[in-house]
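Survey of secondary and tertiary structure
Each chain, letter by letter, is given below.
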Amino acid sequence: MTTATPVGSSSTTHEPLIQGLGLFSATSIVVGSMIGSGIFIVSADIARVTGSPALLIGAWLVTAVMTIIGALSYAELAAMMPRAGGQYVYLREALGPMWGFLFGWTLFLVIQTGTIAAVGVAFGKFLGVFFPTVSSTHWLLRIGHVPALQLGPVTLGNMDLGINTANLAGILITILLTAVNIFGVRLGALVQNIFTTAKTLALLALVLFGVALGRNHAAIGANFSHGHFFAGAGLHTLHPLAGAGGSVMLVGIVTMLAVVQTGSLFSADAWNNVTYTAGEVRNPSRNLPLSLILGTGIVLALYLLSNFVYLFALPLAGDPHGATVFARGIQYAGEDRVATAVLEQIFHSAGAYLMAGAILISTFGCANGLILAGSRVYYAMSQDGLFFRATGRLHPRYKTPVASLVIQAIWTCFLCISGSYGQLLDYIICAELVFYILTIVSLFVLRIRRPDAVRPYRALGYPVLPALYIVLAATICFTLLRYKPQYTWPGLFLVLLGVPVYLFWSRSAARSEAVASSLPPVHN
């Protein structure tokens, strides 16, 4: 069987990464990267947009179906090509090196680093519950303010530049966890295992306490009795949807569920991060598929149960000016912190501290998983001559991609200081979905081009389930293009900016290879 030779690759055998990740550690990366702070917050926004308990659960069911199908499909690719870089490698091998590069470019520029920045600053904000001096309004160095710039439906700028105590906390944990991961994949995995176990138990505790102690008969009556659960969920029901420029449109249930995926689908994102570390997973043909399936299954079950707990404890509909947690409901929970509101119902004022502690554990573990995994993509790109050469080297003792980790940390810290990570993540949602679609398409392409390739695991439900994923994801993309252009065009533009960068790097790599091949061999 012949395989495509990536741009800039050579016959040189590179120093191998250490296979220090077993099944538990690989599953911890899946679980730990998925669970951040989103599950504790985004249900409030979904509830406001849908106005229906059934559609709140429906949004998370769509997320669960898509994520499980995605994991089942990626599992085949991961077992077939267990190499560092994961998704970058699949796109490169199936669609060509440019598509792999555009994914890696977008990952570095926004997806991975922006998410690390967002998770780090969220850590700082919840640290402020215990230490009020840690706040996004407590400035240590204020550089200036970037005014808002309106480009059609898109608003750019309107951000404060500088260091406050909240983003400083994000910067510090980025530096700390980068240092931890420099000292070996086993140390990084140990941190991941500890914090993933703690955060999973914390989310499980939220579910158990919510079911045992948080059930409120008034909330259950408002959400489930007398047909209230399915209110507003009819196929012919029209829902108001705020569009660009403040316009309001009436849309059906399919459009509504597609639009709210910007919250739920990306609260369950980053499950693919374990594929980036494939070169360090022991027995990858077995452990990668298992970790993807186990990890996504555990998280999505907890996510669905958590949303039922929210509906057991609080009415979906609420008053934004309500004097109590119950009166504000899920829709208007303070700062959208629905999980905190549920624990306040059970433990009163102590609930806020319990939830803040759980989110600190969750965000710390999430940041570690993202930092560990993301650096392996830039390492793989460098091996192909498509990223800074230094990022392709390993530490002589710890066998970790030190330069890749450091460059990732530097850009993440810049995003923290600029305050731009929030806007960038909003803009990149559709582009990230496009890369998921292209990776599932790669499954079909490789089945045709390489029918005889060894596949230790074959995607369950192929070709129906992968095709269903493509249809669902494409529907969400087209819906966002139509109704939420501010979330689509800027991200696609950022991806396209990578094309000239790819051409520059690929030509530089080709010149370097030509020079190297023209030199006489060195004899000892």
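Residues numbered from 1 in each chain as written. Predicted model: local features only at pLDDT ≥ 70, side-chain atom pairs only at ≥ 80, totals over all residues. Heavy atoms only, no water.

Focus on helix α18 (residues 464-483)
Across its 20 residues, α18 extends 28 Å between first and last C-alpha, which sits within 8% of the 28 Å expected from 1.5 Å per residue. Within the span of α18, buried status applies to Pro 466, Tyr 469, Ala 473, Ala 474, Ile 476, Cys 477, Thr 479, Leu 480 and Tyr 483. (Helix = DSSP H or I, 4+ residues; strand = E, 2+ residues; numbered from the N terminus. Expected span 1.5 Å × (residues − 1). Buried < 20%, exposed > 50% of the residue type's maximum accessible area, 1.4 Å probe, protein only.)

Concerning the environment of Gly 70
Tracing the backbone shows Gly 70 in helix α3 (residues 53-80). Each C-alpha atom, one on Gly 70 and one on Ile 437, is 9.2 Å from the other, the two residues being 367 residues apart in sequence.

Section: the packing of aromatic side chains
Under the defined criterion, the tally for this structure stands at 28 aromatic pairs. Seen from their ring centres, Tyr 74 and Trp 271 are 4.8 Å apart, and the 70° between their planes marks the pair as edge-to-face. With a gap of 197 residues between them, Tyr 74 in helix α3 and Trp 271 in the loop between α10 (261-267) and α11 (273-276) connect regions that are remote in the sequence. Across this residue pair, the class does not change: Tyr 74 and Trp 271 are buried. Between Phe 229 and Phe 230, the ring centres sit 5.0 Å apart and the planes meet at 90°, which makes this aromatic pair edge-to-face. Judged by relative accessible area, Phe 230 falls into the exposed class, the value being 59%. Members of the aromatic cluster, each reached through a chain of ring pairs, are Phe 101, Trp 105, Phe 108, Tyr 378, Phe 387, Phe 388, Trp 411, Phe 414, Tyr 502 and Trp 505. Looking at Arg 447, its charged tip hangs above the ring of Tyr 462, at a distance of 3.9 Å from the centre. (Phe/Tyr/Trp six-rings, centres within 6.5 Å; stacked < 30°, edge-to-face > 60°. Lys NZ or Arg CZ within 6 Å of the ring centre and 35° of its normal.)

Some points on the nonpolar core
Burial of nonpolar side chains together is a common tendency in soluble globular proteins. With 153 residues, the main nonpolar core has Phe 40 and Tyr 310 as its most contacted residues. Per-element accounting of this core gives the leading share, 17 residues, to α3. Leave out the neighbours within four places in its chain, and Tyr 310 touches Ile 39, Phe 40, Ser 43, Leu 206, Ile 330, Val 338, Ala 339 and Val 342. (Core = buried A, V, L, I, M, F, W, Y, C linked by side-chain atoms within 4.5 Å. Contact = heavy atoms within 4.5 Å.)

A few points about a nonpolar patch on the surface
On the surface, Phe 183, Leu 187, Leu 190 and Ile 194 cluster together to form a nonpolar patch covering roughly 370 Å² of accessible area. Note on placement: Leu 190 falls in helix α7 (residues 185-213). Relative accessible area serves as the criterion here: at 46%, Leu 190 is assigned to the partly exposed category. (Patch = residues over 30% accessible without salt bridge, like charges linked within 9 Å, V, L, I, M, F, W, Y side chains within 5 Å. Areas by Shrake-Rupley, 256 points an atom, 1.4 Å probe, with all protein chains shown as cover. Salt bridge = Lys/Arg side-chain N within 4 Å of Asp/Glu carboxyl O.)

Structural notes on the side chain of Ser 362
When you line up the elements, Ser 362 lands in helix α15 (residues 350-383). Using a relative accessible area of 1% as the deciding quantity, one classes Ser 362 as buried. The contact partners of Ser 362, leaving out residues within four places of it in the chain, are Ile 35, Gly 36, Phe 40 and Lys 199.

Re the environment of Arg 455
Within the secondary structure, Arg 455 sits in the loop between α17 (421-449) and α18. Taking the relative accessible area as the measure of exposure, Arg 455 reaches 10% and is therefore buried. Sequence-wise, Arg 455 and Met 159 are 296 residues apart; in three dimensions their C-alpha atoms are separated by 48 Å. Contact partners of Arg 455, with chain neighbours within four places excluded, come to Glu 76, Met 80, Leu 446, Arg 447 and Arg 450.

Digging into the confidence of the model for the protein chain
Confidence along the protein chain averages 90 in pLDDT terms, with 94% of residues attaining 70 or more. This model gives residues 1-13 a pLDDT under 50, and the stretch forms 24 contacts once residues within four places in sequence are excluded. (pLDDT = per-residue confidence, 0-100.)

What to know about unusual backbone geometry
In the segment running from Tyr 462 into Pro 463, the intervening peptide bond is cis, with an omega of 5°. Along the chain, Pro 463 falls in the loop between α17 and α18. Unlike most non-glycine residues, Ala 270 shows phi in positive territory, near 75°. With a phi angle near 55°, Lys 399 is a residue other than glycine that sits in the positive phi range.

What to know about the pattern of salt bridges
According to the stated counting rule, one finds 10 salt bridges in the structure shown. Here Arg 142 ties to Asp 160 by a salt bridge, and the two come within 3.3 Å at their closest N and O atoms. Taken together, the positions of Arg 142 in strand β1 (residues 139-146) and Asp 160 in strand β4 (residues 159-164) put the pair 18 residues apart, joining distant regions of the chain. On the basis of relative accessibility, which here comes to 52%, the residue Arg 142 falls in the exposed class. One continuous salt-bridge network, built from bridges that share partners, spans Arg 92, Glu 93, Asp 384 and Arg 450.

Some points on the packing of helix α1 (residues 23-34) against α7
At a minimum axis distance of 9 Å, the contact between α1 and α7 shows a crossing angle of 55°. As summarised for this structure, α1 and α7 are arranged oblique, according to the angle between their axes. The handedness of the crossing between α1 and α7 comes out as left-handed. Contacts from Phe 24, Ser 25, Ser 28, Ile 29, Val 31, Gly 32 and Ser 33 of α1 reach α7 at Ala 189, Gln 192, Asn 193, Thr 196, Thr 197, Lys 199 and Thr 200. Residues that form the contact of α1 with α7 fall into these classes: four nonpolar, nine polar and one charged. (Axes fitted to C-alpha atoms, helices over the stretch in contact; angles between N-to-C directions. Parallel < 35°, antiparallel > 145°, perpendicular 65-115°, else oblique. Left-handed = near helix turned anticlockwise from the far one by under 90°. Nonpolar A, V, L, I, M, F, W, Y, C, P; charged D, E, K, R; others polar.)

Quick word on the environment of Gly 36
By the secondary structure assignment, Gly 36 is in the loop between α1 and α2 (43-50). Spatially, the C-alpha atom of Gly 36 lies 28 Å from that of Ser 285, the residues being 249 residues apart in sequence. Not counting residues up to four positions away in its chain, the partners in contact with Gly 36 are Tyr 303, Ser 362, Thr 363 and Cys 366.

Comments concerning the packing of helix α5 (residues 97-127) against helix α6 (residues 165-182)
Direction vectors running N to C along α5 and α6 enclose 120°, while the axes themselves pass 7 Å from each other. As judged from the angle between their axes, α5 and α6 are oblique. Crossing geometry of α5 relative to α6 is assigned as right-handed. Facing Ile 116, Gly 120, Val 121, Phe 123, Gly 124 and Lys 125 of α5, the residues of α6 in contact are Ala 166, Asn 167, Ala 169, Gly 170, Ile 173 and Thr 174. Here the residues of the contact of α5 with α6 are counted per class, giving six nonpolar, five polar and one charged.

Focus on the side chain of Thr 50
Relative to the helices and strands, Thr 50 resides in helix α2. The exposure class assigned to Thr 50 is buried, which follows from its relative accessible area of 4%. A distance of 2.8 Å separates a polar side-chain atom of Thr 50 from the backbone oxygen of Ile 46. Leaving out residues up to four positions away in the same chain, Thr 50 has contacts with Leu 55, Leu 56, His 239, Met 256 and Val 260. (Polar contact = N/O pair within 3.5 Å; in protein donor to acceptor, adjacent residues only side chain to side chain.)

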